[in-house]
Amino acid sequence: MKKNPTWMISACLLSAALLPALGQAQEMKPPKVLQIFREEVKPGKTAAHEKVEAGWPRAFAAAKWQTHYIAMVSVTGPSEAWFFAGYDSLAAWEQDQRNMDKNAALTAEVNVLLEKDGELLSGGSGIIAQYQDELSYRANGLKIGEMRYFLVYTYRVKPGHDEDVVQLVKIVREAHEKANIPEHWAVYKVTAGMPEGTYLIFQPMKSLAEVDAVPETHGKAFADALGEEGKKKLRELTIDASQSAVSNIFAFNPKMSYVSAEMAAADPDFWTPKPAAKMAAKAKKEEKPAAKP
């Protein structure tokens with residue numbers, strides 16, 4: 001897909017190889033294998049970076065590439081852009097890379113974009129993670145095309161405590177289910193590219209108003225669903241298993257994304273907005289002449 005001079009251009013969100021998943025269809029079905037590329041953007045280079053990144057979707061569209069992706073940029077935390085690709089397996093991802101290698105014209109254009117992109121970045125990393133269905137909550141059937149943000153939790157577990165974190169998340173998930181909390185999240189365990197024992201939790205949101213609502217949605221009903229025994233166990237597991245936990249908000253960026261027609265149809269004004277010049281010309285054309293006195 002993109003971003004890799006060596007393991008060649010991968011990093012997008014949830015591709016056609018697996019779909020229907022995030023990038024190909026409106027409804028979310030988390031892929032088994034998630035490949036992430038994270039870019040660290042230099043201070044003051046955000047606009048320039050977005051301009052260069054817009055070249056990738058144009059290149060893929062010209063090549064009629066079948067794998068689609070979504071890009072997102074950080075709203076909180078360090079200045080970063082994340083790109084995802086989802087596959088049934090690492091072998092499927094590898095095949096996608098080989099297909100890219102065979103397309104000389106696309107590869108040449110991508111190499112030019114890589115060089116321009118590199119001038120705007122202070123660093124980056126590639127990550128492989130595997131989906132954890134038993135830890136996820138209402139992760140299927142979600143219309144990602146209607147979403148605008150991901151709340152991303154990066155959770156690091158102490159060595160040897162993976163089973164503890166599994167118990168911890170299951171307690172939280174069961175309380176969510178019992179209280180019928182209107183959230184969705186997908187959990188991935190990182191297998192390469194980040195410290196061992198790292199989990200990524202992706203929670204899609206239509207609006208930041210959903211963050212405002214957290215104190216209410218996780219109030220008495222959630223506490224009652226946990227119960228005193230659940231609260232006690234949760235505290236113990238958190239102390240025993242947790243090494244670090246960080247949460248950040250990311251916003252989907254349509255200019256840097258290459259989404260399918262099905263996904264764009266969920267909200268065309270957001271995913272495929274008409275250029276301002278064309279909109280102005282259309283408005284002028286539709287203007288009615290002033291009535292004669």
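Above: the structure in question.
Nothing here was measured: the structure is a model prediction, and the numbers come from that model.

J.: Looking at this structure, I do not really get the overall build of the protein. What am I missing?
T.: The helix and strand tally for the protein stands at 11 helices and 10 strands. When contacts within the protein are restricted to residue pairs at least 6 apart in sequence, those whose partners lie at least 24 apart make up 82%. With an accessible surface of roughly 15,000 Å², the protein has 55% of that area assigned to carbon and sulfur atoms.

J.: Mind showing me how you'd approach the sheet that holds strand β4 (residues 80-87) here?
T.: Hydrogen bonds along the backbone pair up the strands of a sheet, which may run parallel or antiparallel. On the basis of which strands lie adjacent, the closed barrel formed by eight strands has the order β2-β4-β3-β10-β7-β9-β8-β5 and antiparallel pairing. Neighbour to neighbour, the strand axes of the sheet diverge by 35° on average, direction disregarded. Across eight bridges, strand β2 (residues 33-41) lies against β4 in antiparallel orientation. Opposite glutamate 39, over in β4, you have alanine 81 as the bridge partner. Relative to the sheet, helix α3 (residues 90-102) contacts β2, β4 and β5 (121-131), its axis offset from that of β4 by approximately 110°.

J.: Would you mind going over helix α5 (residues 162-179) with me for this structure?
T.: Residues lying three or four places apart along an α-helix face the same way, a consequence of the helix completing one turn every 3.6 residues. The first and last C-alpha atoms of α5 sit 26 Å apart over 18 residues, in line with the 26 Å expected at 1.5 Å per residue. Within the sequence span of α5, burial applies to Asp164, Val165, Val166, Leu168, Val169, Ile171, Val172, Arg173, Ala175 and His176. Where α5 is buried, its residues contact β7 (149-157), β9 (198-205) and α8 (220-241). Among the residues trailing α5, asparagine 180 stands out with phi positive, at a value near 55°.

J.: When you look at the packing of aromatic side chains in this model, what are you seeing that I'm missing?
T.: Any pair of aromatic rings gets described here by the distance separating the centres and the angle formed by the planes. Considering all chains together, one arrives at 15 aromatic pairs under this definition. When the ring of tryptophan 82 is compared with that of phenylalanine 84, the centres are 6.1 Å apart and the planes differ by 50°; the resulting orientation is tilted. Of the residues examined, tryptophan 82 reaches a relative accessible area of 5% and is grouped as buried. For phenylalanine 84, a relative accessible area of 2% gives the class buried. Considering the side-chain rings of tyrosine 137 and tryptophan 185, the 5.0 Å spacing of their centres and the 35° angle between planes classify their relative orientation as tilted. Highlighted residues: tyrosine 137 in the loop between β5 and β6 (142-143) and tryptophan 185 in the loop between α5 and β8 (186-192), separated in sequence by 48 residues. This pair shows no difference in class: tyrosine 137 is buried, exactly as tryptophan 185 is. Members of the aromatic cluster, connected to one another through ring pairs, are Trp82, Phe84, Tyr131, Phe150, Tyr188, Phe202, Phe250, Phe252, Phe270 and Trp271. The ring of phenylalanine 270 carries the charged tip of arginine 148 above its face, separated from the ring centre by 3.8 Å.

J.: Hey, could you run me through the environment of serine 242 in this one?
T.: Among the structural elements, serine 242 can be located in strand β10 (residues 242-258). Serine 242 sits in the buried class, given a relative accessible area of 18%. Once the C-alpha coordinates of serine 242 and aspartate 164 are considered, the two residues, 78 residues apart in sequence, prove to be 9.0 Å apart. Those residues in contact with serine 242, other than ones at most four positions away along the chain, are Tyr155, Arg156, Lys158 and Leu237.

Calculation notes
Residues numbered from 1 in each chain as written. Predicted model: local features only at pLDDT ≥ 70, side-chain atom pairs only at ≥ 80, totals over all residues. Heavy atoms only, no water. Helix = DSSP H or I, 4+ residues; strand = E, 2+ residues; numbered from the N terminus. Contact = heavy atoms within 4.5 Å. Areas by Shrake-Rupley, 256 points an atom, 1.4 Å probe, with all protein chains shown as cover. Pairing = 2+ DSSP bridges. Axes fitted to C-alpha atoms, helices over the stretch in contact; angles between N-to-C directions. Expected span 1.5 Å × (residues − 1). Buried < 20%, exposed > 50% of the residue type's maximum accessible area, 1.4 Å probe, protein only. Phe/Tyr/Trp six-rings, centres within 6.5 Å; stacked < 30°, edge-to-face > 60°. Lys NZ or Arg CZ within 6 Å of the ring centre and 35° of its normal.

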